[in-house]
Amino acid sequence: MPNHTDPTDAATASDWDAATLRAALAKAAEWTVDYRSHVEERPVFPAIAPGDVRRALAEAPPRAPESFERVLADFDEHVVSGLTHWNHPGFLAYFSSSTRAPSIVAELLVAAVGVNAMLWRTSPAATEVERTAVDWLRQAVGLPDSFSGVIFDTASTGTFTALLAARERAGAGVRDEGLVGGPALAVYTSEQSHSSVEKAAMAAGLGRRSVRRIETDAAFRMRPDALEAAIAADLEAGIRPAMVCATVGTTSTASVDPVSALQSIAERYGVWLHVDAAYAGPAAIVPEQRAHFRGWEAADSIVLNPHKWLGTSLDCSVLLYRDVAPFRASLALTPTYLESEDDETDLMDVGLALGRRFRGLKLWVLFRCVGTDGLAETMRRHIAMAEAAAARLVEGGVFELAAPVSFSTVCFRAAREGDAAGEERLNREIIARVNASGRSFLSHTELDGRYTVRLSVGSVHTEERHLDEALEALHRAAADLSPGEP
Ligand code: PLP
């Protein structure tokens, strides 16, 4: 590779020449394969303190170019050692996810072509590949062809965008008139739903107080009777219901709201139904999981994240909708310099952002290189591993389940009846010890006011032996912290 420290080198001053790029790609490819093969030898969570990485990096940018080898060496030494390794097979926290190999290569191709798909005309194939990939996902999860969609960065953006459309359909007229003087609106979602619903209400100008956190049953599912009562009370008070947001796969327990029952209520009152299936949505590809999704085919919008459980790299979140008109009614705006007569469904009209990454490519490549059977098999394996882990957790009598096991997510705790503070201390310390081992990584939540440990299987790299290791570490930590307990 040429030495790039000479700033007079014309090629360096503009861009790398072909030979330099080829050599850098080869090095990056070698690094990538090596990282993937050996990630398990690294601690899942780095043993570092806040500020350590910053201190290792130069304070100011270099004036002269440096060689890629040096940059890659620093990346390896100072950056990668400061990462939490989501692709580590022992990563079982939050909603565990991983990047499947084809998606890594697709991400490279996206960067290589470097297109901006803001309009069909600014990169026709990017729009059409996105439409195809979204439609393949729709077919794979068994939704009718009345749904089409768009790819955003995250589910938060998808839910926010759906709320803007719902707000418009509720007759608020905000696009042109703004919020002032408009009707008071309300959003209904369960007390277990993700914070992105509340955030969407904040950002859409409805305010947090417009969000009705509807009670859940003993299995953390939204209660239809409570939803109906809340809608009726609002109507009585002159407040206009704008959106019901049901969740299939809630953030803490992966519980499933009774979508069919909620849909009937939403339909009866003419309210927009949005389904947040950010985590669990891809599981509808697995035939025996399909029943969990009953009723979602009648929703107005659905969000699912291929970057959570399907294996595309972050970011790739799909928003599906049955009617594009309310989205266009809330967000379409075409200045003269963006006018074109090519296609009336430019994807910029459906969201806030104008510039659009070519995210469709990674979903399309993933489907082609893995196939829907392969994707289903991975998720089936994860669900089986989570169920087996749950059974083994309760077997020893030390841990109890805090919620029914749902999809690939297990919530549990070492119980200390009547001693809430002691129970929280104990479970916090158990998680801290397991995570400090560097071999497994767990997270927590709160259920019924009690501190709860979460374990979620979602990485293509995770095998049974990694769950064995996590369970052993959990039992060891519990035994060390509570000698004499069962
Ligand atoms: N919805 C649910 C059910 C989630 O669990 C999460 C995150 O975990 C989100 C939405 C937000 O996802 P994103 O990070 O894509 O905005």
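Preceding this section is the structure that the text describes.
Rules used in this analysis
Residues numbered from 1 in each chain as written. Predicted model: local features only at pLDDT ≥ 70, side-chain atom pairs only at ≥ 80, totals over all residues. Heavy atoms only, no water. Helix = DSSP H or I, 4+ residues; strand = E, 2+ residues; numbered from the N terminus. Buried < 20%, exposed > 50% of the residue type's maximum accessible area, 1.4 Å probe, protein only. Areas by Shrake-Rupley, 256 points an atom, 1.4 Å probe, with all protein chains shown as cover. Salt bridge = Lys/Arg side-chain N within 4 Å of Asp/Glu carboxyl O. Phe/Tyr/Trp six-rings, centres within 6.5 Å; stacked < 30°, edge-to-face > 60°. Near = heavy atom within 4 Å. Polar contact = N/O pair within 3.5 Å; in protein donor to acceptor, adjacent residues only side chain to side chain. Nonpolar A, V, L, I, M, F, W, Y, C, P; charged D, E, K, R; others polar. Core = buried A, V, L, I, M, F, W, Y, C linked by side-chain atoms within 4.5 Å. Contact = heavy atoms within 4.5 Å. Patch = residues over 30% accessible without salt bridge, like charges linked within 9 Å, V, L, I, M, F, W, Y side chains within 5 Å. Disulfide = S-S within 2.5 Å. Axes fitted to C-alpha atoms, helices over the stretch in contact; angles between N-to-C directions. Parallel < 35°, antiparallel > 145°, perpendicular 65-115°, else oblique. Left-handed = near helix turned anticlockwise from the far one by under 90°. Pairing = 2+ DSSP bridges. Arc of directions from axis to C-beta.

*Asks:* In this structure, what is going on with the overall build of the protein? I would like to understand it.
*Replies:* Of the regular secondary structure elements, the protein holds 16 helices and 11 strands. If you line up the protein on its principal axes, its C-alpha atoms span 75 × 75 × 45 Å. Counting across all 486 residues of the protein, residues that qualify as buried make up 49%. When the accessible area of the protein is evaluated, it comes to approximately 22,100 Å², of which 53% is carbon and sulfur surface.

*Asks:* Got a minute to help me understand the pattern of salt bridges in this structure?
*Replies:* If charged atoms from side chains of opposite charge come close, those side chains can pair. Counted according to the given criterion, the structure contains 35 salt bridges. Among the ionic pairs, Arg-55 bridges to Asp-52, the shortest N-O distance being 2.8 Å. One end of the pair is Arg-55 and the other is Asp-52, both in helix α3 (residues 52-56) and 3 residues apart, which spans about a single turn. According to the relative accessible area criterion, Arg-55 is exposed, its value standing at 61%. Using a relative accessible area of 30% as the deciding quantity, one classes Asp-52 as partly exposed. The salt bridge involving Glu-107 is made with Lys-362; its shortest N-O contact spans 2.9 Å. In this pair, Glu-107 is assigned in helix α5 (residues 101-113) and Lys-362 in helix α14 (residues 360-395), connecting sequence segments 255 residues apart. One network of salt bridges, in which partners are shared, links Glu-40, Arg-439, Glu-463, Arg-465 and Glu-469.

*Asks:* Help me understand the packing of aromatic side chains, please; the structure alone is not making it clear to me.
*Replies:* Between two aromatic rings, the relevant description is the distance of the centres plus the angle of the planes. Within the structure shown, the criterion is met by 18 aromatic pairs. Ring-pair connections join several aromatic residues into one group, and the members of that group are Phe-95, Tyr-279, Phe-293, Trp-296, Trp-309 and Phe-407.

*Asks:* What's the story with the site of the ligand in this structure? I'm lost.
*Replies:* Around the ligand there are 13 residues in total, and Ala-155, Ser-156, Thr-251, Asp-276 and Asn-305 lie nearest to it. Within the side chain of Ser-156, one N or O atom sits 2.5 Å away from an oxygen atom of the ligand. With respect to the ligand, the side chain of Asp-276 contributes an N or O atom lying 2.6 Å from a nitrogen atom. Against a free-state accessible area of 400 Å², the protein chains account for coverage of 85% of the ligand. Taken together, the elements giving at least two residues each to the shell around the ligand come down to α7 (155-169) and α12 (306-310). Here the residues of the shell around the ligand sort into 3 nonpolar, 8 polar and 2 charged.

*Asks:* Could you clarify how one ought to interpret the nonpolar core in this entry?
*Replies:* One broad rule of soluble globular proteins: the nonpolar side chains tend to lie buried together. Formed by 55 residues in total, the largest nonpolar core has its most connected members in Leu-227, Val-248, Val-275, Trp-296, Ile-302 and Phe-407. The element that contributes the greatest number of residues to this core is α14, accounting for 7 residues. Val-248 has contacts with Ser-255, Val-256, Val-259, Val-275, Asp-276, Ala-277, Ala-280, His-292, Phe-293 and Phe-407, leaving out every residue within four places of it along the chain.

*Asks:* I tried to follow a nonpolar patch on the surface on my own but got confused; where do I start?
*Replies:* Taken together, the side chains of Trp-16, Leu-21, Leu-25 and Leu-108 define a hydrophobic patch exposed on the protein surface, amounting to about 340 Å² of accessible area. Inspection of the secondary structure assignment puts Leu-25 in helix α2 (residues 18-38).

*Asks:* Looking at this structure, I do not really get the state of the cysteines. What am I missing?
*Replies:* Two cysteines form a disulfide when their sulfur atoms are joined by a covalent bond. Under the defined criterion, the tally for this structure stands at 0 disulfides. Note on Cys-316: no disulfide assigned, nearest cysteine sulfur contributed by Cys-369 at a separation of 15 Å. Looking at Cys-369, the relative accessible area reads 54%, which means it is exposed.

*Asks:* Explain the packing of α7 against helix α9 (residues 195-203) to me, please; I cannot follow it from the model alone.
*Replies:* The axes of two packed helices give the description: the angle between them and the distance between them. Interhelical geometry of α7 versus α9 gives an angle of 50 degrees and a closest axis separation of 9 Å. Compared by their axis directions, α7 and α9 come out oblique. For the pair α7 and α9, the crossing hand works out as right-handed. On α9, the residues that touch Ser-156, Thr-159, Phe-160 and Leu-163 of α7 are Ser-196, Val-197, Ala-200, Ala-201 and Ala-203.

*Asks:* Please clarify how the sheet that holds strand β11 (residues 450-456) should be interpreted in this entry.
*Replies:* Backbone hydrogen bonds hold the strands of a sheet together, and the pairing may be parallel or antiparallel. Sheet architecture is open: 4 strands sit in the order β8-β9-β11-β10, paired in antiparallel fashion. Both outer strands of the open sheet, β8 (399-401) and β10 (443-447), are each paired with one neighbouring strand and no more. Across this sheet, the average inter-strand angle for adjacent strands is 45 degrees, counted without regard to direction. As defined by bridge partners, strand β9 (residues 409-414) adjoins β11 across 4 bridges and the pair is classed as antiparallel. For Thr-409, the partnering residue across the bridge sits in β11 and is Ser-456.

*Asks:* What is the right way to look at helix α11 (residues 259-268) in this model?
*Replies:* Spacing of three or four residues puts side chains on the same side of an α-helix, whose turn is 3.6 residues. Of all the positions in α11, only Val-259, Leu-262, Gln-263, Ile-265 and Ala-266 are classed as buried. End-on, the buried residues of α11 take up no more than an arc of 165 degrees, which puts them together on one face. What points out from α11, more than 90 degrees from its buried face, is the exposed set Glu-267 and Arg-268. Of the surrounding secondary structure, the elements contacted by the buried residues of α11 are α10 (224-236), β4 (240-247) and β5 (272-276). At the exit of α11 stands Gly-270, carrying a positive phi of roughly 65 degrees.

*Asks:* Hey, could you run me through unusual backbone geometry in this one?
*Replies:* Leave glycine aside and you will find that most residues have negative phi; peptide bonds, for their part, are mostly trans. Cis peptide bonds are those with omega within 30 degrees of zero, and the linkage from Leu-314 to Asp-315 qualifies with 15 degrees. Looking at where Asp-315 falls in the secondary structure, it is placed in the loop between α12 and β7 (317-321). Despite not being glycine, Tyr-94 has its phi angle at roughly 45 degrees, a positive value. Summarising the element assignment, Tyr-94 is placed in the loop between α4 (68-79) and α5. Assessed through its relative accessible area of 46%, Tyr-94 is described here as partly exposed. Of note, Phe-220 is a non-glycine position whose phi angle comes to about 65 degrees, a positive value. Turning to its location among the elements, Phe-220 is positioned in the loop between β3 (211-214) and α10. Judged by relative accessible area, Phe-220 falls into the buried class, the value being 4%.

*Asks:* Is there a simple way to think about the pairing of β7 in this case?
*Replies:* The side chains of a regular strand alternate between the sheet's two faces. Extensive coverage of β7 is indicated by the burial of 5 of its 5 residues. Neither face of β7 is open: one carries Ser-317, Leu-319 and Tyr-321, the other Val-318 and Leu-320, and all of them are buried. By the bridge criterion, 5 bridges tie strand β1 (residues 148-152) to β7 in an arrangement that is antiparallel. Note that in β7 the partner of Phe-152 across the bridge is Ser-317. Note that strand β6 (residues 301-304) and β7 share 4 bridges and pair antiparallel. In the strand pairing of β7, Leu-304 is matched with Val-318.

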